[in-house]
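A closer look at the structure
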Amino acid sequence: MAGIDYTSLIPNNVALHENRRLQRALEDWQPKFLDWWQDMGPTGFQAKEIYLRTAVSVDAKGWAQFGYVRMPEYRWGIFLAEPEAGRQVNFGDHKGQPAWQEVPGEYRGTLRRLIVTQGDTEPASVEQQCHLGRTSPSLYDLRNLFQVNVEEGRHLWAMVYLLDAHFGRDGREESEALLQRRSGNADKPRILGAFNEPTPDWLSFFMFCFFTDRDGKYQLASLAESGFDPLSQTCRFMLTEEAHHMFVGEAGIMRIVQRACELMREHKTDDLRPHGGIDLRLIQKYLNFHCSVSLDLFGSEISTNAANFYTTGLKGRFEETKKDDDHQLKDAAYTVAGLDGERITVREEAALVSLNERLRDDYVADCARGVARWNEVIRKLGIDVELTLPHRAFHRAIGIFSEVRVSPDGRVISQAEWDARHGDWLPNEDDKAYIQSLMHPVTEPGKFANWIAPPPRGINGQPVDFEYVRLG
Ligand code: BYC
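These numbers were taken from a predicted model, which means no experiment stands behind them.

So, how was this worked out
Residues numbered from 1 in each chain as written. Predicted model: local features only at pLDDT ≥ 70, side-chain atom pairs only at ≥ 80, totals over all residues. Heavy atoms only, no water. Near = heavy atom within 4 Å. Polar contact = N/O pair within 3.5 Å; in protein donor to acceptor, adjacent residues only side chain to side chain. Areas by Shrake-Rupley, 256 points an atom, 1.4 Å probe, with all protein chains shown as cover. 1 Å grid on protein atoms, 1.4 Å probe; cavity = no way out; pocket = protein on both sides within 12 Å on 5 of 7 lines; lining within 4 Å. Sits in = over half its atoms within 2 Å of the grid points. Helix = DSSP H or I, 4+ residues; strand = E, 2+ residues; numbered from the N terminus. Nonpolar A, V, L, I, M, F, W, Y, C, P; charged D, E, K, R; others polar. Points joined across faces, edges and corners; volume = space filled by probe spheres on them. Contact = heavy atoms within 4.5 Å. Axes fitted to C-alpha atoms, helices over the stretch in contact; angles between N-to-C directions. Parallel < 35°, antiparallel > 145°, perpendicular 65-115°, else oblique. Pairing = 2+ DSSP bridges. Phe/Tyr/Trp six-rings, centres within 6.5 Å; stacked < 30°, edge-to-face > 60°. Lys NZ or Arg CZ within 6 Å of the ring centre and 35° of its normal. Salt bridge = Lys/Arg side-chain N within 4 Å of Asp/Glu carboxyl O. Buried < 20%, exposed > 50% of the residue type's maximum accessible area, 1.4 Å probe, protein only. Left-handed = near helix turned anticlockwise from the far one by under 90°.

1. Focus: the site of the ligand
- As a matter of local geometry, the ligand sits amid 29 residues, with Gln118, Ser300, Ser303, Lys315 and Asn356 nearest to it.
- Between the ligand and glutamine 118 there is a distance of 2.6 Å, counted from a nitrogen atom to a side-chain nitrogen or oxygen.
- At 2.7 Å from an oxygen atom of the ligand is found a side-chain nitrogen or oxygen belonging to serine 303.
- The protein chains hide 80% of the 1,100 Å² of surface that the ligand would expose on its own.
- According to the grid-proximity analysis, the pocket containing the ligand is the largest pocket.
- Breaking the shell around the ligand down by element, the ones donating at least two residues are α2 (108-128), α5 (202-223) and α8 (304-311).
- Taken together, the residues of the shell around the ligand break down into nine nonpolar, 13 polar and seven charged.

Right, here's the structure in full:
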């Protein structure tokens, strides 16, 4: 099971050749995917050779192989984690029943919607990032961008497999629609808010990988608990790829922070614009933006959808099986942030309808650990500044806090104060123009743009000055 069949048109470890109907559906979709990739994938680099990793098996040891690949020739395919013998539905009303290998008829619509929502984010992120190759700060970063992009493409394949294999004609229609919507397009937007925001520069890209891909980690981990076993197996393998995306984000911001501190020390100022750096205040503004739009991705604090996903066994909690409770939560309570007039409060709510907020809590704690690692770099370089996560009520468009204006430190404020100050908290036009002014490609192996430090080591044991992309 672990080995991947690379001899067939669509690489897979699901014995695709044994299911001719599914094979035909996917072979019909494949050229449409490739057309989409050519139109909406990385602009200007389709013919270049990139040093990429490709999955060769899905077991823990050595699933990746590294080598030069042109992106349209990347072997996208269907990879599921190893099945768990005797797996059960581990939560909700069906707890203790054998995990489903087929979609339970009564949950078909709900499950399809969850899979489509997940699938929609994957091509959306490729679309958001398609212009970044032109301004990469180094070949090393350029390669990482493309690695992320091809893996998001593969994550789309993962969801299309589930739709085509388990949802008949509706599934095939949804698979087509995943290639029709466009990030940021007013007429046919992507489903979730953050995936319609532009990613115009590399600071935004690294923030996106840190904050938005981390939502991916928490959502995929919750779907990996699903009683629908094919979804669980798919998401478990996707999570192994997701880890690299978050590494790209965390390490990228860390290197920008490091460079900011170095320039501050060298020039004895925290205004780095005359020196071509990105100062910590500006990094904080981008952090505030990307954190807040990613917090929206968890949905409303109180959600009957979330309760239904759980009760029906379709979407669990983060690390569901490690939790020590009844895994049904009918009588349980959970503390949820809320609003009492002008005051932000906390109150006890039924645990089932609070599951979005609970997942958001897990996510915020994880984000805070990453921010602490950035602060450690700042501290070690002797600078007395700390980056912080904005309050969860800040700049929200989904949920209870979308009704009020809140400062990053969690004060409910008037519209007038918001209008006067939001440019201090979020990137303003001047900030965006400055960041754009820094975006020039650096394409000599081993060289890095002035605003970012080199990484401590290269990819797969290669040196930092390795030719990660052959621009030839
Ligand atoms: N934008 O009951 P509520 C990733 C809608 S990222 C727009 O609070 P629910 C990746 C909602 O659909 C992970 N609309 O929400 C990262 C609902 O609509 P209806 C992606 C939104 O359903 C980087 C209504 O508002 N995966 O993988 O409990 C690169 C009421 O909502 C938003 C998933 O999200 C929004 N932000 O939860 C590449 C997992 N939020 O029913 C990839 C699958 C809510 O009134 N999705 N709405 O028409 C889910 O689990 C759920 O759909 C959500 C929303 C958690 C997103």
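2. Here's the deal with the layout of surface pockets
- By volume, the largest pocket amounts to about 830 Å³.
- Forming the boundary of the largest pocket are 41 residues, of which Thr117, Leu192, Leu297, Phe298 and Gly299 lie nearest the centre.
- Listing elements by their share of the lining of the largest pocket, those giving two or more residues are α2, α5, α7 (280-296) and α8.
- For the lining of the largest pocket, a count of residues per class yields 15 nonpolar, 15 polar and 11 charged.
- By volume, the second largest pocket is sized at about 250 Å³.
- Forming the walls of the second largest pocket are 14 residues, and the residues nearest its centre are Gln284, Asn288, Pro408, Asp424 and Trp425.
- Elements represented by at least two residues in the lining of the second largest pocket include exactly α7 and α10 (415-425).

3. A look at empty space enclosed by the protein
- Tallying each qualifying case throughout the model produces three cavities of 30 Å³ or more.
- Lining the largest cavity are Ser222, Ala306, Phe309, Tyr310, Lys315, Gly316, Arg317, Phe318, Leu355, Asn356, Arg358 and Leu359.
- For the lining of the largest cavity, the secondary structure elements donating two or more residues are α8 and α9 (355-380).
- With four residues, the single largest contributor to the lining of the largest cavity is α9.
- Looking at side-chain class alone, the lining of the largest cavity contains six nonpolar, three polar and three charged residues.

4. Some points on the side chain of aspartate 296
- By the element assignment, aspartate 296 lies in helix α7.
- A polar contact of 3.0 Å, which involves the side chain of aspartate 296, links it to the backbone nitrogen of isoleucine 398.
- Once residues within four sequence positions are removed from consideration, aspartate 296 is found in contact with Arg396, Ala397 and Ile398.

5. Some thoughts on the packing of helix α1 (residues 20-40) against helix α4 (residues 168-180)
- Two numbers describe how α1 lies on α4: the axes approach to 10 Å, and their chain directions differ by 10°. Taken together, the axes of α1 and α4 lie roughly parallel to each other. Two secondary-structure elements touch here, α1 through Arg21, Ala25, Trp29, Lys32, Phe33 and Trp36 and α4 through Arg172, Ser175, Glu176 and Leu179.
- A class-by-class count of the residues in the contact of α1 with α4 yields five nonpolar, one polar and four charged.

6. Some details on the sheet that holds strand β2 (residues 64-70)
- Within the open sheet, the three strands sit side by side as β2-β1-β7. Their pairing is antiparallel. Two strands in the sheet have a free side with no partner beyond their single neighbour: β2 and β7 (469-470).
- Two elements, strand β1 (residues 49-55) and β2, share seven bridges in a ladder whose sense is antiparallel. Within β2, the position partnered with isoleucine 50 by the bridge is valine 69.

7. Focus on the packing of aromatic side chains
- Considering all chains together, one arrives at 33 aromatic pairs under this definition.
- Joined through ring pairs, the aromatic side chains of Trp29, Phe33, Trp36, Trp37, Tyr74, Trp76 and Trp157 make up one cluster.
- Positioned above the aromatic ring of phenylalanine 210 is the side chain of arginine 214, whose terminal nitrogen or guanidinium carbon lies 4.2 Å from the ring centre.

8. Focus: the pattern of salt bridges
- All told, the structure shown has 41 salt bridges when counted by the stated rule.
- Here arginine 259 ties to glutamate 262 by a salt bridge, and the two come within 3.2 Å at their closest N and O atoms. Note that arginine 259 and glutamate 262 are positioned in helix α6 (residues 229-267) at a spacing of three residues, about one turn of the helix.
- On the basis of relative accessibility, which here comes to 17%, the residue arginine 259 falls in the buried class.
- Among the residues examined, glutamate 262 registers a relative accessible area of 27% and is labelled partly exposed.
- Where aspartate 296 meets arginine 396, a salt bridge forms, and the shortest distance between an N and an O atom there is 2.6 Å. Taken together, the residues span a long stretch of sequence, with aspartate 296 in helix α7 and arginine 396 in the loop between α9 and β5 (405-406) at a distance of 100 residues.

9. Some points on the packing of α5 against α6
- As a packed pair, α5 and α6 sit with axes 8 Å apart at the nearest point and diverge in direction by 155°. For the element pair α5 / α6, the angle class is roughly antiparallel. Like other packed secondary-structure pairs, α5 and α6 cross with a definite hand, here left-handed.
- The class makeup of the residues in the contact of α5 with α6 is 17 nonpolar, five polar and five charged.

10. Here we look at unusual backbone geometry
- The backbone of glutamate 319 sits at a positive phi, close to 55°, despite the residue not being glycine.
- Taking the relative accessible area as the measure of exposure, glutamate 319 reaches 34% and is therefore partly exposed.
- The backbone of leucine 329 shows a phi angle near 65°, a positive value even though the residue is not glycine.
- As for its placement among the helices and strands, leucine 329 is situated in the loop between α8 and β3 (333-340).
- When its relative accessible area of 3% is taken as the criterion, leucine 329 is described as buried.

11. Things to note about the side chain of serine 232
- Within the secondary structure layout, serine 232 lies in helix α6.
- Discounting residues that sit within four places of it in the chain, serine 232 has contacts with Arg87, Leu223, Ala224 and Ser226.

All we've got here are geometric facts, nothing functional implied.
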